[in-house]
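Overview (structure and organization)
Residues per chain are reported as follows:
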Amino acid sequence: MPTLAERAWELRQLHLPDSRVELRGGRELIFYFAVSPSDYSRLYQCTLHIKMGDPFPWVVVRSPDLHALTIDKIIPHIYPYEGKGTKLCLWWPSGHEWNQQMKLRETYIAWTVEWLSYFEDWLATGIWEGGGKHPDDKCIARHVIEGSRCAGDT
């Protein structure tokens, strides 16, 4: 299993715009980066979070505010998140599609770009073409309003 220092080195090698790695107390890594899913897309400011003891990393889109872009539609394939930004559902944990030996550039970073591409298409068409499984819209809305959990939340 790669160490946080090895993960930091891997991420620094990407040379993404506005990217930087922050190591916190030897127990957490945060990778700040910006990506655009196409030449004609907006630039998204994101963070990849890795915490020692957590089963897997997670990604948040910090800017632009995805909820503000949706005009009151509920965004598919996201997780409830208490902080600033939108926490992306990039893969199905129960499907074991990721393991800690996999490279972040080939998984989390690539999956973030792919998710953003599907998001932009969904904004234009109202149809999520990315496939996958995610909590249903009613459950996510209930979480936002009441703070309840959805089946399959981790």
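Let us look at the structure shown here. Just so it is clear, the structure is predicted and the values come from calculations on it, not from any experiment.

1. Thoughts on unusual backbone geometry
Backbone geometry follows two general trends: most residues other than glycine have a negative phi, and most peptide bonds adopt the trans configuration. Along the chain, Ser-63 connects to Pro-64 via a cis peptide bond; the corresponding omega equals 0 degrees. With respect to the helices, strands and loops of the structure, Pro-64 is situated in the loop between strand S4 (58-63) and helix H2 (66-69). Here the phi dihedral of His-15 falls at roughly 50 degrees; this positive angle occurs in a residue that is not glycine. Along the chain, the position of His-15 falls in the loop between helix H1 (4-12) and strand S1 (20-24).

2. Here we look at the sheet that holds strand S5 (residues 78-79)
The strand order S1-S2-S3-S4-S6-S5 describes an open sheet built from six strands, whose pairing is antiparallel. Two strands close off the open sheet at either side, each with one partner strand: S1 and S5. As paired elements, S5 and strand S6 (residues 86-88) share two bridges and run antiparallel to each other. Residue pairing across strands places Tyr-79 opposite Lys-87, the latter belonging to S6. Where H1 meets the sheet, it contacts S1, strand S2 (28-35) and strand S3 (44-51), and its direction lies at approximately 10 degrees from that of S2. Where helix H3 (residues 105-125) meets the sheet, its contacts fall on S2, S3, S4, S5 and S6, and the angle it forms with S3 comes to roughly 140 degrees.

3. Describing H1
Restricting attention to buried positions, one finds in H1 the residues Leu-4, Arg-7, Ala-8, Glu-10 and Leu-11. Here the buried residues of H1 occupy an arc of 160 degrees about the axis, which is enough to place them on one side. For H1, the exposed residues set more than 90 degrees away from the buried face come down to Ala-5 and Trp-9. Along its buried surface, H1 packs onto S1, S2, S3 and H3.

4. Structural notes on the side chain of His-49
With respect to the helices, strands and loops of the structure, His-49 is situated in strand S3. Looking at His-49, the relative accessible area reads 10%, which means it is buried. At 2.8 Å, the side chain of His-49 forms a polar contact with the side chain of Thr-47. In this structure, His-49 is in contact with Glu-28, Leu-29, Ile-30, Pro-57, Trp-58 and Val-60, ignoring residues within four places of it in sequence.

5. Some words on the packing of aromatic side chains
Scanning the entire structure with this criterion turns up 10 aromatic pairs. Ring centres of Trp-115 and Trp-128 lie 5.5 Å apart, and the angle between their planes is 55 degrees; on these two criteria the pair is classed as tilted. Here Trp-128 lies in the loop between H3 and helix H4 (137-146) and Trp-115 lies in helix H3, a separation of 13 residues in the sequence. The burial state of Trp-115 is the same as that of Trp-128; both residues are buried. With centroids separated by 5.9 Å and ring planes inclined at 35 degrees, the aromatic side chains of Phe-119 and Trp-122 adopt a geometry described as tilted. Linking Phe-119 with Trp-122, this pair stays in helix H3, spanning three residues, or about one helical turn. Phe-119 sits in the buried class, given a relative accessible area of 0%. Pairwise contacts between aromatic rings join Phe-56, Trp-91, Trp-98, Tyr-108 and Trp-111 into one cluster. Arg-20 extends its terminal NZ or CZ atom over the ring of Tyr-32, reaching a point 4.0 Å from the ring centre. Here Lys-73 stacks its cationic end above the ring of Trp-122, 4.7 Å away from the centre of that ring.

Rules used in this analysis
Residues numbered from 1 in each chain as written. Predicted model: local features only at pLDDT ≥ 70, side-chain atom pairs only at ≥ 80, totals over all residues. Heavy atoms only, no water. Helix = DSSP H or I, 4+ residues; strand = E, 2+ residues; numbered from the N terminus. Pairing = 2+ DSSP bridges. Contact = heavy atoms within 4.5 Å. Axes fitted to C-alpha atoms, helices over the stretch in contact; angles between N-to-C directions. Buried < 20%, exposed > 50% of the residue type's maximum accessible area, 1.4 Å probe, protein only. Arc of directions from axis to C-beta. Polar contact = N/O pair within 3.5 Å; in protein donor to acceptor, adjacent residues only side chain to side chain. Phe/Tyr/Trp six-rings, centres within 6.5 Å; stacked < 30°, edge-to-face > 60°. Lys NZ or Arg CZ within 6 Å of the ring centre and 35° of its normal.

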